[in-house]
Structure formats: C-alpha cells, structure tokens
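Chain by chain, the residues run as shown.
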Amino acid sequence: MSSRTSPISQSVTIRRAVARDAKRLTRLVRGSGAYEGKYAAAVAGYRVGPDYIEAHRAFVAVGADEHGGRVLGFYSLVLAPPELDLLFVADEAQGRGIGRLLVAHMQSEARAAGLDRVKVVSHRPAEDFYHRVGAVRIGTALANPPAVPWDRPEFEFRIPAE
C-alpha cells in the first residue's frame with residue numbers, strides 16, 4: 001500500500017498549536033499540492049505567524065514515530081463568527097485519516113464552545129473531502145480578486161449537542 005492510502009500506522013496526537021509551530025505551519029500551507037498551478041498565488045505569500053496562533057484556536061496533528069514528532073496537519077477554529085478558517089494535511093500524510101481526525105477534534109472543540117454550526121469556505125480541490133466528513137454545502141463564496149480570483153464552495157458542519 002502507498003503511504004497516501006494506508007490507514008494511520010502511527011500514533012497521532014492532536015495538541016494546541018504554539019508560537020514555535022508557526023514556521024512549520026506556514027511551510028505546510030505554502031507546500032500544499034492542492035495549491036499548485038493556478039492556485040499557487042493564493043498561498044505564495046501566506047504566513048501562519050505566532051500572532052495568528054495566539055489569536056485563534058489552532059491545533060496540530062503530530063505523528064509520534066515514523067515522522068519523528070512531525071506536524072502532519074493542522075486546523076484553526078474561529079468562534080465568532082463560527083468558522084473553520086484553515087485545515088491542512090501534509091501531502092504525504094493525506095489519505096491516512098489525519099483530516100478526519102482533525103475535523104472530529106474541531107467538532108468537539110466547537111461543541112465545547114457551545115457552537116451548533118461551523119462554516120467553512122472550501123478550496124475547490126478539498127470539496128470532496130468536506131462532503132466525505134459530513135459537511136453540507138450551503139452556498140458559494142464569490143471570487144474576491146486579486147486575493148482569490150475564483151468562486152469557492154461554502155459548507156457548514158452541524159454540531160449536534162451531546
């Protein structure tokens with residue numbers, strides 16, 4: 001089995017992001033294969049700085065063995081208005097359940113914060129992923145040139161009370 005399709009073969013921990021993660025998270029965003037070609041400009045100068053990490057509920061998935069404690073993915077949850085601001089999984093870790101783990105963790109955090117819905121404006125290549133993890137399409141976020149010159153699907157996670 002290739003590493004893109006194998007199940008999680010390691011222990012994965014999700015922890016709160018800290019300022020020292022900023023450079024690794026920035027590299028993960030800028031190096032994402034989902035942002036190649038026509039999408040490259042959207043992340044070329046993107047930065048996840050220590051200030052962003054301190055101001056948002058950002059969490060990282062860290063692999064414990066084969067990747068030497070390496071950051072495999074991360075997400076950021078904004079509480080007001082409720083939105084999944086960022087969700088990235090390292091290209092080499094995709095297809096192994098990391099994204100699904102991050103979404104489940106986000107939903108748990110949202111529930112603990114008293115939220116019943118969380119919006120996400122998706123990148124087009126991630127649209128199928130959001131469908132698979134239970135998000136419901138609610139509309140389209142219109143292009144906002146020059147930063148984002150294309151329309152994007154808008155989803156919502158419904159967060160049931162426990």
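Draft legend 1. Looking closely at the pairing of strand β3 (residues 71-78). Across the eight residues that make up β3, a large majority, eight, are buried. Pairing of strand β2 (residues 57-63) with β3, which is carried by six bridges, proceeds in the antiparallel orientation. Paired with Ala-61 across the strands is Gly-73, a residue of β3. The sheet contact formed by β3 and strand β4 (residues 83-89) spans six bridges and is antiparallel. Bridging across to β4, Leu-77 finds its partner in Leu-84. The hairpin turn running from β3 into β4, its antiparallel successor, is four residues long.

Draft legend 2. Looking closely at the side chain of His-123. Within the secondary structure layout, His-123 lies in the loop between β5 (117-121) and α4 (127-132). You can call His-123 buried: its relative accessible area is 8%. From its side chain, His-123 meets the backbone oxygen of Ala-34 in a polar contact 2.7 Å long. With residues up to four places along the chain from it excluded, the contact list for His-123 reads Ala-34, Tyr-35, Tyr-39 and Trp-150.

Draft legend 3. The arrangement of the layout of surface pockets in detail. There is about 1100 Å³ of room inside the largest pocket. Lining the largest pocket are 39 residues, with Tyr-35, Leu-87, His-123, Ala-126 and Tyr-130 sitting closest to its centre. Only β4, α3 (98-112), β5 and α4 provide two or more residues apiece to the lining of the largest pocket. It is β4 that provides the largest number of residues to the lining of the largest pocket, a total of seven residues. Each residue belonging to the lining of the largest pocket can be placed in one class, and the counts come to 24 nonpolar, seven polar and eight charged. Each pocket or cavity is described by its volume, and for the second largest pocket that value is around 170 Å³. Taken together, Arg-24, Arg-27, Leu-28, Gly-31, Ser-32, Arg-70, Val-71, Val-89, Ala-90, Asp-91 and Glu-92 make up the full set of residues lining the second largest pocket. Top contributing element to the lining of the second largest pocket by residue count: helix α1 (residues 22-30), with three residues. Residues that form the lining of the second largest pocket fall into these classes: four nonpolar, two polar and five charged.

Draft legend 4. Summary view of α1. Within the sequence span of α1, burial applies to Ala-22, Leu-25, Thr-26, Leu-28 and Val-29. Within α1, the buried residues cover an arc of 160 degrees as seen down the axis, which keeps them to one side. Those residues of α1 that are exposed and angled more than 90 degrees off the buried face are Lys-23 and Arg-27. As for α1, its buried residues are in contact with α2 (50-55), β2, β3 and β4.

Draft legend 5. View of the environment of Ala-17. Mapped onto the secondary structure, Ala-17 falls in the loop between β1 (12-16) and α1. Residues Ala-17 and Phe-59, 42 residues apart in the sequence, show an inter-C-alpha distance of 4.8 Å. Those residues in contact with Ala-17, other than ones at most four positions away along the chain, are Leu-25, Ile-53, Ala-58, Phe-59 and Val-60.

Reading guide: rules and limits
Per-chain numbering applies: the sequence of each chain, read as written, is numbered from 1 onward. It should be noted that, the model being predicted, local features are given only for residues of pLDDT at least 70 and side-chain atom pairs only at 80 or more, the latter also being counted only at that level, while totals for whole chains, interfaces and linings use all residues. Only hydrogens and water are removed before side-chain values are computed, so all heavy atoms of the structure are retained for them. Residue burial is assigned from relative accessible area. The probe radius is 1.4 Å, only protein chains are included, and a residue is buried under 20% of its type maximum, exposed over 50%, and partly exposed in between. In this text, helices come from DSSP runs of H or I with a minimum length of four residues, and strands from runs of E with a minimum of two, each type numbered from the N-terminal end. When DSSP locates at least two bridges between a pair of strands, those strands are taken to pair. Under the rule applied, a polar contact is a pair of N or O atoms within 3.5 Å (in protein, one hydrogen donor and one hydrogen acceptor; residues adjacent in sequence only if both atoms are side-chain atoms). The contact definition used throughout considers only heavy atoms, calling two residues in contact when any of these lie within 4.5 Å. The rule is simple: put a 1 Å grid over the protein atoms alone, call a set of points where a 1.4 Å probe fits but cannot get out a cavity, call an open set with protein on both sides within 12 Å along at least five of seven lines a pocket, and count a residue as lining if it has an atom within 4 Å of a point. Grid points are joined across faces, edges and corners, and a volume is the space filled by probe spheres set on the points. Side-chain classes follow a simple rule in which Ala, Val, Leu, Ile, Met, Phe, Trp, Tyr, Cys and Pro form the nonpolar group, Asp, Glu, Lys and Arg form the charged group, and the remainder, Gly included, forms the polar group. This arc is taken over the directions from the axis of the helix to the C-beta atoms.

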